[in-house]
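# Report on the structure
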Amino acid sequence: MKIHKEFIGGNITVVRIDGKDVYLENELRDTTVDWFYWAFCVEGAEGKTLTFHFQNNRLGYWGPAISHDLMEWRWLNQVGDNEFTYTFQKDEKKVYFAHNMLYFPDRFAKFCKTNDLKIEELCKSRKGRSIPCVKIGNGARSIILTSRHHACEATGNYVLEGVLKELIQNPIQGTKIFCVPFVDYDGVVDGDQGKSRYPHDHNRDYDLETPPIYPATAKIQEYAKKNGCRYGFDFHSPWHKGGVNDKAFIVQNSFQKLDRLNAFGEILEKCMNEKAFQYSHVNDYPFKTNWNQGGTQFANYMKKREENELAFTLETAYFGENGNVVNQENLPELGKCFALAIKTYTEEKEGKIPLKN
Ligand SMILES: [Zn+2]
């Protein structure tokens, strides 16, 4: 039997194996705070029943996400306090387990192929990898879409995919869209947490005073300077679980633009359908509350641009809650609703809601 992390997104340390009990820890790497992402592969355990033990706060409400190909994921629907048990079928040669339903560049490439979208190179990453970006449409209105500023936050990618799909099928006239789906590309491939990296992570690399330290964030800023950013939407996953972390919510990041943020939230709620992971405006996170103090994030950089109407982060839960459980269909559907909300906002509200003093 082999338990390993030798695949895209892999992150695990096997501490010890004691009969049917496997003791695991996730790897923080250069993350300076406790974080919860992990993903591992088990090979050659056919017919065995094993219990996998973790540190505190590493497992979601429905246990691990499971896959045989890294593309299709389901919840195990079995979990203890800090462990889960799995019986490997006789023909299960290779099984992947992960903290959440992973989303990798292969899926994005497949999505682009299906939708006739050309992948371009944004730039090379620090490790020399080609970071993908896509462009859709033309016109004076610029929209920048990003996700994976924090490498482990896969739910953002599923939502973003749904946004893109809807905007391809039903374009917003006079609009150019620029999308970077994996800002921390190395982190996604290497299976890093990405959150709170030392000395700062990709989403703390948008300081107006200091040059960026990551190639991708430098390019995104360059793009905004050249093409503008009327709208900037950054798709994230929140903290592990509990409270608002189990929901989808907009991180409100401005008092000046509060009426616009509220208008967008109300529109998004009206655009929801029953197939989507549910969003309610009431869950939007108020500015200057707890951790939401603003700073050098993508959305806070873009919101300060003169031409900017709105820029914010949408957080989407890793697991959800009873009656609103995350899966690979309802997240892109939320993205579709989000795209409809962008369209409605541009038609009904754009340029009409003044800034507050
Ligand atoms: Zn994040």
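Residues numbered from 1 in each chain as written. Predicted model: local features only at pLDDT ≥ 70, side-chain atom pairs only at ≥ 80, totals over all residues. Heavy atoms only, no water.

## What to know about the environment of Met1
Relative to the elements of secondary structure, Met1 occurs in the segment before strand E1 (2–4). Put simply, Met1 and Lys93 are 92 residues apart on the chain and 9.7 Å apart in space, counted from C-alpha to C-alpha. The residues touching Met1, leaving out its near neighbours within four places in the chain, are Ile17, Val42, Glu43, Gly44, Ala45, Lys48 and Leu50. (Helix = DSSP H or I, 4+ residues; strand = E, 2+ residues; numbered from the N terminus. Contact = heavy atoms within 4.5 Å.)

## Observations regarding the pairing of strand E11 (residues 130–136)
In terms of burial, E11 is largely enclosed, as five of its seven residues are buried. In the sheet, strand E10 (residues 120–124) pairs with E11 via four bridges, with the strands oriented antiparallel. Across the sheet, the residue bridging to Glu121 is Pro132, located in E11. Connecting the antiparallel pair E10 and E11 is a turn made up of five residues, with Gly128 showing a positive phi of about 85°. The sheet contact formed by E11 and strand E13 (residues 175–180) spans three bridges and is antiparallel. The residue bridging Val134 from the neighbouring strand is Cys179, located in E13. (Buried < 20%, exposed > 50% of the residue type's maximum accessible area, 1.4 Å probe, protein only. Pairing = 2+ DSSP bridges.)

## A look at the pattern of salt bridges
As enumerated under the stated definition, the model contains 23 salt bridges in all. When the shortest N-O distance is used, the salt bridge between Arg29 and Asp192 registers 2.7 Å. Here Arg29 is found in the loop between strand E3 (21–25) and strand E4 (39–43), whereas its partner Asp192 is found in the loop between helix H3 (185–190) and helix H4 (215–227), with 163 residues between them in sequence. Judged by its relative accessible area of 10%, Asp192 is buried. Across the pair Arg129 and Asp190 runs a salt bridge whose closest N-O atoms are separated by 2.8 Å. One end of the pair, Arg129, is in the loop between E10 and E11; the other, Asp190, is in helix H3, with 61 residues separating them in the sequence. One salt-bridge network, in which partners are shared between bridges, spans Lys5, Glu27, Arg29, Asp30, Asp184, Asp192 and Arg197. (Salt bridge = Lys/Arg side-chain N within 4 Å of Asp/Glu carboxyl O.)

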